[in-house]
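Report on the structure
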Amino acid sequence: MSADISLYNTHPDEYNDIQNLRPDYKKAIEMTVELAIKYMHGKNSISIADFCGGTGAITKKIADIINIDKAKIVDTNQEFLNIAERADIKTKKLETACSDILDIKLDREYDLILSIFAYHHIPDDKKEKYLKQVVDGLKENGILILTEIYLPNKKITLNYYHKLLDEMSEKSPILEKFITETAESTDYEFKVSRGFADRQMTELGLTEIECIKIWPLDNTLDKDIGTFVQIFKNTNKS
Ligand SMILES: C[S@@+](CC[C@H](N)C(=O)[O-])C[C@H]1O[C@@H](n2cnc3c(N)ncnc32)[C@H](O)[C@@H]1O
């Protein structure tokens with residue numbers, strides 16, 4: 001569980017509101033939803049799996065716009081899943097599973113897998129297994145949306161979160177504590193470089209078809225550092 005970041009445990013009802021005060025998170029979610037709509041356009045009987053999907057807020061935003069037949073939300077936090085179950089997500093079938101994402105058995109039935117600020121919660125030596133779960137779950141040519149923060153080392157991680165706090169106009173003690181704990185976390189945050197992630201994707205047959213940088217858009221950090229929304233296609237044959 002989220003040992004050294006208290007927001008996940010102590011304020012589940014405030015989680016979405018707090019995250020949405022962050023320019024990186026808010027813009028990344030807007031872009032994630034826009035791209036999900038774009039890549040699911042013209043498909044019927046759409047099924048979505050939301051890996052580490054928390055309160056299901058992103059699946060809900062997508063399901064408000066396009067017809068979804070099935071949505072599965074997997075998370076280790078039962079309180080988040082309770083919120084997802086009460087959220088009136090517009091889908092014919094909603095499944096939630098309180099489980100480590102690495103322990104879930106998936107068939108190749110999903111058109112879209114969402115990995116939204118999730119990959120960095122998986123320890124580096126298990127990230128490949130996490131992506132194999134994606135490959136196991138996606139149909140051939142199915143789409144992975146990987147919304148992720150790439151930070152290659154601790155110094156840059158601290159710079160990123162200092163800059164984020166500096167640029168936020170609306171701050172609260174809960175938000176500041178959350179950002180500080182996230183920046184300093186040693187047992188729940190395992191952020192890597194974009195190159196690390198891209199190499200793993202390529203090796204597993206997940207082919208990048210679009211990549212959009214979200215934040216920061218000035219030149220204070222390297223072009224490959226920061227928050228990105230990436231679209232990958234599962235090019236493995238069934
Ligand atoms: C930063 S939150 C993102 C939640 C959601 N995707 C969003 O963008 O709002 C990370 C989520 O991952 C969940 N989580 C962390 N490690 C997990 C694991 N191994 N298996 C399943 N869920 C996990 C946490 O409980 C939390 O809800």
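The present account deals with the structure reproduced in this document. This one's a predicted model, so the numbers in the text were calculated from it and none came from an experiment.

Broken down by element type, the protein carries nine helices and seven strands. C-alpha extents for the protein along the principal axes are approximately 45 × 40 × 30 Å.

The next subject is the environment of Asp-75. By the secondary structure assignment, Asp-75 is in strand β2 (residues 68-75). You can call Asp-75 buried: it has 24 C-beta atoms within 10 Å. When the C-alpha atoms of Asp-75 and Phe-51 are compared, they prove to be 7.0 Å apart, with 24 residues separating the residues in sequence. Excluding residues that lie within four positions of it along the chain, Asp-75 makes contacts with Cys-52, Gly-53, Gly-54, Phe-80, Leu-81 and Cys-98.

A separate point is the site of the ligand. Residues in contact with the ligand amount to 17 residues; listed here are only the nearest, Cys-52, Gly-54, Asn-77, Ile-101 and Ile-116. Listing elements by their share of the shell around the ligand, those giving two or more residues are α4 (57-63) and β2. Residues of the shell around the ligand, tallied by class, amount to 10 nonpolar, five polar and two charged.

We now examine helix α5 (residues 78-86). The set of residues buried in α5 consists of Phe-80, Leu-81 and Ala-84. Projected down its long axis, α5 carries its buried residues within an arc of 95 degrees, all on one side. Those residues of α5 that are exposed and aimed more than 90 degrees away from the buried face are Gln-78 and Arg-86. Buried positions along α5 lie against β2 and β3 (91-98). Taken from the residues just after α5, Asp-88 is the one with a positive phi, measuring 55 degrees.

Peptide bonds are, in most cases, trans, and in most cases residues other than glycine have a negative phi. In this structure, the amide linkage connecting Trp-215 to the following residue, Pro-216, adopts the cis form with an omega of -5 degrees. Mapped onto the secondary structure, Pro-216 falls in the loop between β6 (206-215) and β7 (226-234). A positive phi is found at Ser-45, a non-glycine position, where the angle reads about 50 degrees. Secondary-structure assignment places Ser-45 in the loop between α3 (23-40) and β1 (46-51). Within the chain, Phe-117 stands out as a residue other than glycine whose phi angle is a positive 50 degrees. You can see Phe-117 is positioned in the loop between β4 (110-116) and α6 (127-137).

Relative to the elements of secondary structure, Arg-194 occurs in helix α9 (residues 194-203). On the neighbour-count criterion, Arg-194 (21 C-beta atoms within 10 Å) is buried. Sequence separation between Arg-194 and Lys-139 is 55 residues; the distance between their C-alpha atoms is 25 Å. Beyond its immediate chain neighbours, meaning those up to four positions away, Arg-194 contacts Tyr-150, Asp-224 and Phe-228.

By definition, the strands of a sheet pair up through backbone hydrogen bonds, in either a parallel or an antiparallel sense. Across the sheet, which stays open at both edges, the seven strands sit in the order β3-β2-β1-β4-β5-β7-β6 with mixed pairing between neighbours. Each edge of the open sheet carries a strand with a single partner, namely β3 and β6. For this sheet, the mean inter-axis angle between neighbouring strands, taken without regard to orientation, is 15 degrees. Bridge count between β6 and β7: eight bridges; the pairing is antiparallel.

Grouped together as the largest cluster of nonpolar side chains are 59 residues, with contacts concentrated most on Ile-48, Phe-51, Leu-112, Ile-113, Leu-114, Leu-144 and Ile-145. When residues of this core are assigned to their parent elements, the largest contribution, seven residues, is made by strand β5 (residues 138-150). Each residue touching Leu-144, except ones within four places of it in the same chain, is listed here: Ile-113, Ser-115, Val-134, Leu-138, Leu-206, Phe-232 and Asn-234.

Reading the values: rules and limits
Residues numbered from 1 in each chain as written. Predicted model: local features only at pLDDT ≥ 70, side-chain atom pairs only at ≥ 80, totals over all residues. Helix = DSSP H or I, 4+ residues; strand = E, 2+ residues; numbered from the N terminus. Buried ≥ 20, exposed ≤ 12 C-beta atoms within 10 Å, placed from the backbone. Contact = placed C-beta atoms within 7 Å. Near = placed C-beta within 6 Å. Nonpolar A, V, L, I, M, F, W, Y, C, P; charged D, E, K, R; others polar. Arc of directions from axis to C-beta. Pairing = 2+ DSSP bridges. Axes fitted to C-alpha atoms, helices over the stretch in contact; angles between N-to-C directions. Core = buried A, V, L, I, M, F, W, Y, C linked by C-beta atoms within 7 Å.

None of this, on its own, says anything about what the molecule does.
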